[in-house]
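This is what each chain is made of:
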There are 2 protein chains.
Amino acid sequence: MVTLAEIERARRALPPQVVRTPLIASQDLSAVAGGPVWFKLENLQVTGSYKSRAAFTILNNLSPEQKARGAALSSSGNFASAFAYMGRLLGIPTAVVMMDQTSPLKVAKSRRYGAEIVLCGNNFEERWRVLDRLQAERGITAVNTFESPDVVAGHGTLGLEILDDLPEVDTVLIPVSSGGLIAGVATAIKERRPGVRIVGVQPEGSNAVTESVRRGEPVRIPEVRTICDALIAQTPGRLPFTHIQRYVDDMVLVTDDEVKAAIRWLVEYAKQVVEAGGAVCAAALLTSKATAQGNTVALLSGGNIAPATLAQYLRETEA
Amino acid sequence: MVTLAEIERARRALPPQVVRTPLIASQDLSAVAGGPVWFKLENLQVTGSYKSRAAFTILNNLSPEQKARGAALSSSGNFASAFAYMGRLLGIPTAVVMMDQTSPLKVAKSRRYGAEIVLCGNNFEERWRVLDRLQAERGITAVNTFESPDVVAGHGTLGLEILDDLPEVDTVLIPVSSGGLIAGVATAIKERRPGVRIVGVQPEGSNAVTESVRRGEPVRIPEVRTICDALIAQTPGRLPFTHIQRYVDDMVLVTDDEVKAAIRWLVEYAKQVVEAGGAVCAAALLTSKATAQGNTVALLSGGNIAPATLAQYLRETEA
């Protein structure tokens, strides 16, 4: 398992390009949620999501020979942009394997940052196969983001920032897909402050970690159906799942309609642009599926939503 | 004229409800604007705009008798919400005179915070008349926000925060309506760092201060036509104008279409929801009508845009 010391080391290594994102109090959400709520604004992170933290950690920890040959990972979008950006920053060639269904905005962004894009079929197995091929044929280091300790350590840096900015925090809500993010954040926080409550939030249509926690082992859900295009893992990573079993107190599910309403609320009251997957914690609080027990932090994990999609959600939720 | 000491005093008096808004670097705008750019996020200010600063300063400086009888001002919307909020905070009854054309969102917000709303015809003279009547008939203190030293001092607090967060700032861009905001910010900054360049930005269709600066005296423009519903003063305040003549280096004009494009850009790249009047400085930089000479701060002054209006602008600017 990844230790607090490894997370602290990852944090010390972060470059100035990784934004020390603000933690802002939301008087409006506090009035609704039953306790004081803060937002951690990772939608303001460079490349628009928290993935930049792990992307840097992964690439920075490669050996000199690995750095020269380049690295690849598969991603539903945000990890791809972050990986491409950090590759350019560190002078490491990057390739990203993306499913055909990935939003064109996210594909274009990764390409703009200089990554080689390899598109593949719309399932996770296909992504792993393409990655293996890249490694075998070209000597590129293929990163399994579901099982990488660097992912857990890199994302954990965000938890340390929350503790620094709000030492008296009581509850932290984190969006969950394969579990790397919440694994890192929960480890960072619980190892320093065991009394803090850590709650994971998933879309109802993409609940692999919730199901796995319920059954006590990593399970694979038969299908994923959600507008949260950053939260589509059909199974948890085994490494993150071990962390989740030790450190996470509760899991909460929200519907896509609740996510759209949360996106609208965040526009109107928090003045923040947040993508669907990034808005699940706000949705959980707005619907009282999670409550603000003591000082509560909700992570807004990303802001990469196409303007046309945002406009559509704002229209759909009008009145 | 309002002094630096008065601005510093106003800052010390601000309550915790007034947000110490973040200053965030924009790597994306820096790449476009020719130099490093930061945003000062007053769209995250309580009630959604910088007006909360002056609203508190005005009400806090009333005498005990004035506080008991209540206070009134006229506003195009943001000042009204801020005034209502701060009245409730301080236990002072407030009334706001708003023109019939004011956005329903802004009217509802002021009412929600507990202010008495008095609607009037769509011109500034009518607003003054109604204010005078409230004062004469009910003993309410009518605040002329165009000429109040508390407005200049209150808004100046924002300039002090910029200097604290970025001591090496070289250029500051500020949206301009009647001039109270830029008067305060320019005074705070220039009195501490005379070498900083202060640039005001107005919509082409609402350029009273720009015209007044050109002619060397406050002038009244015949009509106002802009989507920037927070920037509609037909004439500068005389007090702010004196400050502007002494401290402001340049004025820049942007079109409504450029403002819409900036709102979209801010959604896509900065993940911020900014109202039209709050986006003029971003518009000036994105169009190269203003350039980032050295370390440049662009104030995003407010985020009170109706979701339906934002959706409409996003649609209109789609490719």
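Figured I'd write up the structure that's included with this text. (Residues numbered from 1 in each chain as written. Chains lettered and ligands numbered in written order. Predicted model: local features only at pLDDT ≥ 70, side-chain atom pairs only at ≥ 80, totals over all residues. Heavy atoms only, no water.)

### Focus: the overall build of chain A
Then, number 1: Each helix and strand counted, chain A has 14 helices and 10 strands in total.
Then, number 2: Against the 2.2 N^0.38 benchmark of 20 Å for 319 residues, chain A shows a C-alpha radius of gyration of 18 Å, consistent with a compact globule.
Then, number 3: Dimensions of chain A along its principal axes, counting C-alpha atoms only, are 55 × 45 × 40 Å.
Then, number 4: Looking at chain A as a whole, 62% of its 319 residues qualify as buried.
Then, number 5: When contacts within chain A are restricted to residue pairs at least 6 apart in sequence, those whose partners lie at least 24 apart make up 72%.
Then, number 6: In chain A, the 33 positive side-chain charges and the 33 negative ones have mean positions that sit 4 Å from each other. (Helix = DSSP H or I, 4+ residues; strand = E, 2+ residues; numbered from the N terminus. Rg over C-alpha atoms; globule rule 2.2 N^0.38 Å. Buried < 20%, exposed > 50% of the residue type's maximum accessible area, 1.4 Å probe, protein only. Contact = heavy atoms within 4.5 Å. Lys, Arg positive; Asp, Glu negative; His and termini not counted. Charge placed at Lys NZ, Arg CZ, Asp CG, Glu CD.)

### Observations regarding the sheet that holds strand β3 (residues 71-74) of chain A
Residues and elements named next belong to chain A.
Then, number 1: Pairing is parallel across the open sheet formed by four strands, whose spatial order is β5-β4-β3-β6. The open sheet terminates on both sides in strands that have one partner only, identified here as β5 (116-120) and β6 (141-143). On average, each strand axis in the sheet is inclined to that of its neighbour by 25 degrees, with strand direction left out of account.
Then, number 2: Across three bridges, the pairing between β3 and β6 is parallel. Counted as the bridge partner of Leu-73 is Val-143 from β6.
Then, number 3: Set on the sheet, helix α5 (residues 78-90) makes contact with β3 and β4 (94-99); between it and β4 the angle comes to about 170 degrees. (Pairing = 2+ DSSP bridges. Axes fitted to C-alpha atoms, helices over the stretch in contact; angles between N-to-C directions.)

### Topic: the relation of the copies chain B and chain A
Then, number 1: Taken as rigid bodies, chain B and chain A are interconverted by a rotation of 180 degrees and an axial shift of 0.0 Å, the fit giving an RMSD of 0.0 Å. Taken together, the rotation and translation describe the operation of a two-fold axis. Taking the C-alpha atom as reference, chain B places B:Ala311 closest to the rotation axis, 2.1 Å from it.
Then, number 2: Mapped onto chain A, 100% of the interface residues of chain B are again interface residues, and the two copies thus contact each other with one and the same surface. (Least-squares fit on C-alpha atoms with pLDDT ≥ 70 in both.)

### Description of the interface of chain B and chain A
By convention, interface size is frequently given as the accessible area that disappears when the constituent parts associate.
Then, number 1: In this assembly, 31 residues from chain B lie in contact with 31 residues from chain A.
Then, number 2: Between chain B and chain A the total buried area reaches about 2300 Å² when both faces are included, carbon and sulfur atoms providing 61% of it.
Then, number 3: Taken together, the links from chain B to chain A amount to zero salt bridges.
Then, number 4: At the surface where chain B touches chain A, the tally comes to 11 residue pairs in polar contact (both at pLDDT 80 or more).
Then, number 5: Among the secondary structure elements, those contributing two or more residues to the side of chain B that touches chain A are α2 (27-33), α6 (104-112), α12 (256-270) and α14 (307-316) of chain B.
Then, number 6: The biggest single contributor to the side of chain B that touches chain A is α14(B), with six residues. (Buried area = accessible area lost by both parts, 1.4 Å probe. Salt bridge = Lys/Arg side-chain N within 4 Å of Asp/Glu carboxyl O. Polar contact = N/O pair within 3.5 Å; in protein donor to acceptor, adjacent residues only side chain to side chain.)

### Section: the nonpolar core
Most often, soluble globular proteins keep nonpolar side chains buried together rather than apart.
Then, number 1: Counting residues in hydrophobic clusters, the biggest one holds 80 residues, and the most contacted among them are A:Phe39 and B:Phe39.
Then, number 2: Setting aside residues up to four positions removed in sequence, A:Phe39 forms contacts with A:Pro22, A:Leu23, A:Ile24, A:Ser26, A:Leu29, A:Trp265, A:Leu266, A:Ala270, A:Ala282, A:Ala298 and A:Leu300. (Core = buried A, V, L, I, M, F, W, Y, C linked by side-chain atoms within 4.5 Å.)

### Concerning helix α14 (residues 307-316) of chain A
Then, number 1: Within α14(A), the full set of buried residues consists of A:Pro307, A:Leu310, A:Ala311, A:Tyr313 and A:Leu314. Buried residues of α14(A), viewed axially, fall in a sector of 165 degrees; they line one side.
Then, number 2: At its buried positions, α14(A) is contacted by α12 (256-270) of chain A together with α12 and α14 of chain B. (Arc of directions from axis to C-beta.)

### Focus on the packing of aromatic side chains
Residue and element names in this part refer to chain A.
Then, number 1: According to the stated counting rule, one finds seven aromatic pairs over all chains in the structure shown.
Then, number 2: When the centroid spacing of 5.4 Å and the interplanar angle of 90 degrees are considered together, the rings of Tyr-85 and Tyr-113 count as edge-to-face. Linking Tyr-85 in helix α5 with Tyr-113 in the loop between α6 (104-112) and β5, this pair joins segments that are 28 residues apart in sequence.
Then, number 3: On the accessibility criterion, Tyr-85 (8% relative accessible area) is buried.
Then, number 4: Between Arg-112 and the ring centre of Tyr-113, over which it is positioned, the NZ or CZ distance is 5.3 Å. (Phe/Tyr/Trp six-rings, centres within 6.5 Å; stacked < 30°, edge-to-face > 60°. Lys NZ or Arg CZ within 6 Å of the ring centre and 35° of its normal.)

### So, the packing of helix α3 (residues 51-60) of chain B against helix α5 (residues 78-90) of chain B
All names here are of chain B.
Then, number 1: Running from N to C, α3 and α5 point in directions that differ by 45 degrees, and their axes come no closer than 8 Å. In terms of orientation, α3 lies oblique with respect to α5. The hand of the α3/α5 crossing is right-handed. In this structure, α3 contributes Lys-51, Ser-52, Ala-54, Ala-55, Phe-56, Ile-58, Leu-59 and Asn-60 to the contact, and α5 contributes Asn-78, Phe-79, Ala-82, Phe-83, Met-86, Gly-87, Leu-89 and Leu-90.
Then, number 2: Here the residues of the contact of α3 with α5 sort into 11 nonpolar, four polar and one charged. (Parallel < 35°, antiparallel > 145°, perpendicular 65-115°, else oblique. Left-handed = near helix turned anticlockwise from the far one by under 90°. Nonpolar A, V, L, I, M, F, W, Y, C, P; charged D, E, K, R; others polar.)

### Examining the state of the cysteines
Residue and element names in this part refer to chain B.
Then, number 1: This structure, assessed with the given rule, holds zero disulfides over all chains.
Then, number 2: In this structure Cys-228 is a free cysteine whose sulfur lies 10 Å from that of Cys-281, the closest cysteine sulfur available.
Then, number 3: We classify Cys-228 as buried; its relative accessible area is 0%. (Disulfide = S-S within 2.5 Å.)

### A short note on the sheet that holds strand β1 (residues 23-25) of chain B
Whether parallel or antiparallel, the strands of a sheet pair through hydrogen bonds between backbone atoms.
All names here are of chain B.
Then, number 1: Spatially, β1-β2-β10-β7-β8-β9 is the arrangement adopted by the six strands of the open sheet, whose pairing is mixed. With one partner strand each, in any of the chains shown, β1 and β9 (250-254) form the two edges of the open sheet. Averaged over all pairs of adjacent strands, the angle between strand axes in this sheet comes to 25 degrees, irrespective of strand direction.
Then, number 2: Here strand β7 (residues 171-175) pairs with strand β8 (residues 197-203) via five bridges, running parallel. Pairing of Pro-175 across the sheet is with Val-201, part of β8.

### Things to note about the pattern of salt bridges
Then, number 1: Taken as a whole and judged by the stated rule, the model has 40 salt bridges over all chains.
Then, number 2: One salt bridge connects B:Lys40 with B:Glu161, and the closest N-O pair in it is separated by 2.6 Å. Placement of the pair is B:Lys40 in strand β2 (residues 37-41) and B:Glu161 in helix α8 (residues 149-165), with a sequence separation of 121 residues.
Then, number 3: B:Lys40 sits in the buried class, given a relative accessible area of 0%.
Then, number 4: Between B:Glu316 and B:Lys260 there is a salt bridge whose closest N-O contact spans 2.6 Å. In this pair, B:Glu316 is assigned in helix α14 and B:Lys260 in helix α12, connecting sequence segments 56 residues apart.
Then, number 5: Here the residues in one salt-bridge network are A:Arg20, A:Lys40, A:Glu42, A:Arg53, A:Glu161 and A:Asp165, joined through shared partners.

### Details of the pairing of β8(B)
All names here are of chain B.
Then, number 1: For β8, a buried count of seven out of seven residues is recorded, marking the element as mostly surrounded by other parts of the structure.
Then, number 2: Residues Arg-197, Val-199, Val-201 and Pro-203 point to one face of β8 and Ile-198, Gly-200 and Gln-202 to the other, with burial holding for every one of them.
Then, number 3: Note on the crossover from β7 through helix α9 (residues 180-192) to β8: the handedness is right-handed.
Then, number 4: Pairing analysis gives five bridges linking β8 to β9, with the strands arranged parallel. When the sheet's bridge partners are listed, Gly-200 is paired in β9 with Met-251. (Right-handed = clockwise from strand over helix to strand, strands pointing away.)

### Considerations on helix α8 (residues 149-165) of chain A
Then, number 1: Helix length check: α8(A) (17 residues) gives 25 Å between terminal C-alpha atoms against 24 Å at 1.5 Å per residue, within 8%.
Then, number 2: Between the side-chain oxygen at the start of α8(A) and the backbone nitrogen of A:Asp150 there is a gap of 3.1 Å, and the oxygen is on A:Ser148. (Expected span 1.5 Å × (residues − 1).)

### Here we look at the packing of α14(A) against α14(B)
Then, number 1: For the pair α14(A) and α14(B), the least separation of the axes is 9 Å and the interaxial angle reads 145 degrees. When the axes of α14(A) and α14(B) are compared, the crossing they make is left-handed. Residue-level inspection shows A:Pro307, A:Leu310, A:Ala311, A:Leu314 and A:Arg315 of α14(A) in contact with α14(B), the latter providing B:Pro307, B:Leu310, B:Ala311, B:Leu314 and B:Arg315.
Then, number 2: Residue classes in the contact of α14(A) with α14(B) are distributed as eight nonpolar, no polar and two charged.

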